[in-house]
Amino acid sequence: MHILFVVAHPEPNSFTGALLEKAKAVAAEAGASFEVSDLYAEKFDPVLGRGDFSTVWNPDYFSVQDEQAAAERSDAFSDDIGREQARVAKANLIVFLFPLWWGGPPAVVKGWFDRVMSYGFGYMDGARYERGLFRGRHAMLCIPTGGTADRFTDAGTYGSIERVLWPLKHCALAYIGLTQLDDFIAYATPRVDAAQRAAYLEAWGAHLRAGVDRARREAAPQPLVRGHVGVAPLAFEPHVTSA
């Protein structure tokens, strides 16, 4: 059982950092191996561009899918993408830990998906959702919020937490085939006292233990065959527009 913790917070001593330390302890107690992708500490660049590849498929027009497909066939990704893809490929369970900012994860998390979950590695035509390349693997979100639980309800200021997280959960995690375990949400962490934060950490530990147990029981990862992009990306004429 191998876990990848993908964490995004610029301050190691934040509550997100405390949640990570608890998660590492729980993983060790459960006999699981783990790695940490600390996106801020490792200065992960969230901006996708030609620097992602050591090859050039089309020098005249930058089609992300075409360039990613070519890099997949030639093993031509940049070192940081290659590192992250290797970490992902080893994981039975991916746990994302980040604060909720502007109704979603920090931008570096979105950039991680843009660059790491590339065409041919994270998805391809005919390999999405229940046929996704990462079926048989699991994912979990661990999120501290600034807002109170009441604000994340259907009648609250922000709407339900399920609605807020839908784009990430449905259009990213489910999209690549990951089985999603229950989220852990620690509400209003800057507003509560030390006792409540300690209670959150204990609850998180129990939540993660249960998730690790389930992921271990259900683990059936599909082999990731690299370099064989069987279907070409969608083709279009970039200079032709329609009304």
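This text follows the structure it describes.
Note that this is a predicted model, so its numbers are computed, not measured. (Residues numbered from 1 in each chain as written. Predicted model: local features only at pLDDT ≥ 70, side-chain atom pairs only at ≥ 80, totals over all residues. Heavy atoms only, no water.)

> Sorry, what's going on with the overall build of the protein chain here?
In terms of helices and strands, the protein chain carries 6 helices and 6 strands. In sequence order, the protein chain lays out its α and β elements as β-α-β-α-α-β-α-β-α-β-β-α. Over its C-alpha trace the protein chain gives a radius of gyration of 19 Å, about what one expects of a compact globule, namely 18 Å for 243 residues. Projected onto the principal axes, the alpha-carbon positions of the protein chain cover approximately 60 × 45 × 30 Å. Within the protein chain, the proportion of its 243 residues that are buried is 47%. In the protein chain, of all internal contacts separated by at least 6 residues, the share reaching a separation of at least 24 is 78%. Of the roughly 12,000 Å² of accessible surface on the protein chain, a fraction of 54% belongs to carbon and sulfur atoms. (Helix = DSSP H or I, 4+ residues; strand = E, 2+ residues; numbered from the N terminus. Rg over C-alpha atoms; globule rule 2.2 N^0.38 Å. Buried < 20%, exposed > 50% of the residue type's maximum accessible area, 1.4 Å probe, protein only. Contact = heavy atoms within 4.5 Å. Areas by Shrake-Rupley, 256 points an atom, 1.4 Å probe, with all protein chains shown as cover.)

> Just checking my understanding: could you explain the packing of helix α3 (residues 79–90) against helix α4 (residues 107–116) for this structure?
Two numbers describe a pair of packed helices, the interaxial angle and the distance between the axes. Viewed as axis vectors pointing N to C, α3 and α4 meet at an angle of 90°, and their least axial separation amounts to 10 Å. The angle between α3 and α4 places the two elements in the roughly perpendicular class. Note on element contacts: α4 touches α3 through Trp 112, Arg 115 and Val 116, opposite Asp 80, Ile 81, Glu 84, Gln 85 and Val 88. Taken together, the residues that form the contact of α3 with α4 break down as 4 nonpolar, 1 polar and 3 charged. (Axes fitted to C-alpha atoms, helices over the stretch in contact; angles between N-to-C directions. Parallel < 35°, antiparallel > 145°, perpendicular 65-115°, else oblique. Nonpolar A, V, L, I, M, F, W, Y, C, P; charged D, E, K, R; others polar.)

> Please explain helix α1 (residues 15–29) as it appears in this structure.
Because an α-helix packs 3.6 residues into every turn, residues spaced three or four apart end up facing the same way. With 15 residues, α1 extends 21 Å from end C-alpha to end C-alpha; this agrees with the ideal 21 Å at 1.5 Å per step. Of all the residues in α1, the buried ones are Phe 15, Thr 16, Gly 17, Leu 19, Leu 20, Lys 22, Ala 23, Val 26 and Ala 27. Buried residues along α1 sit against β1 (2–7), β2 (33–38), β3 (93–97), β4 (138–144), β6 (184–186) and α6 (194–218). (Expected span 1.5 Å × (residues − 1).)

> What exactly am I supposed to notice about the pattern of salt bridges here?
A side chain with one charge can pair with a side chain of the opposite charge if their charged atoms come near. In total, this model carries 16 salt bridges according to the counting rule given. Between Arg 50 and Glu 67 there is a salt bridge whose closest N-O contact spans 3.5 Å. Taken together, the positions of Arg 50 in the loop between β2 and α2 (64–74) and Glu 67 in helix α2 put the pair 17 residues apart, joining distant regions of the chain. The exposure class assigned to Arg 50 is partly exposed, which follows from its relative accessible area of 32%. Note that Glu 218 is salt-bridged to Arg 214, the shortest N-O span being 3.0 Å. (Salt bridge = Lys/Arg side-chain N within 4 Å of Asp/Glu carboxyl O.)

> I keep staring at the packing of aromatic side chains and nothing clicks. Help me out?
Note on aromatic pairs: each is described by the distance of the centres and the angle between the planes. Counted under the stated rule, the structure contains 14 aromatic pairs. Relative to Phe 62, the ring of Phe 53 lies with its centre 6.4 Å away and its plane at 50°, an arrangement referred to as tilted. Look at Phe 96 and Phe 113: their rings are 5.6 Å apart centre to centre, the planes differ by 25°, and that puts the pair in the stacked class. Of this pair, Phe 96 sits in strand β3 while Phe 113 sits in helix α4, and the two are 17 residues apart along the sequence. An aromatic cluster is built from Tyr 119, Tyr 123, Tyr 129 and Tyr 175, whose rings are joined through pairwise contacts. (Phe/Tyr/Trp six-rings, centres within 6.5 Å; stacked < 30°, edge-to-face > 60°.)

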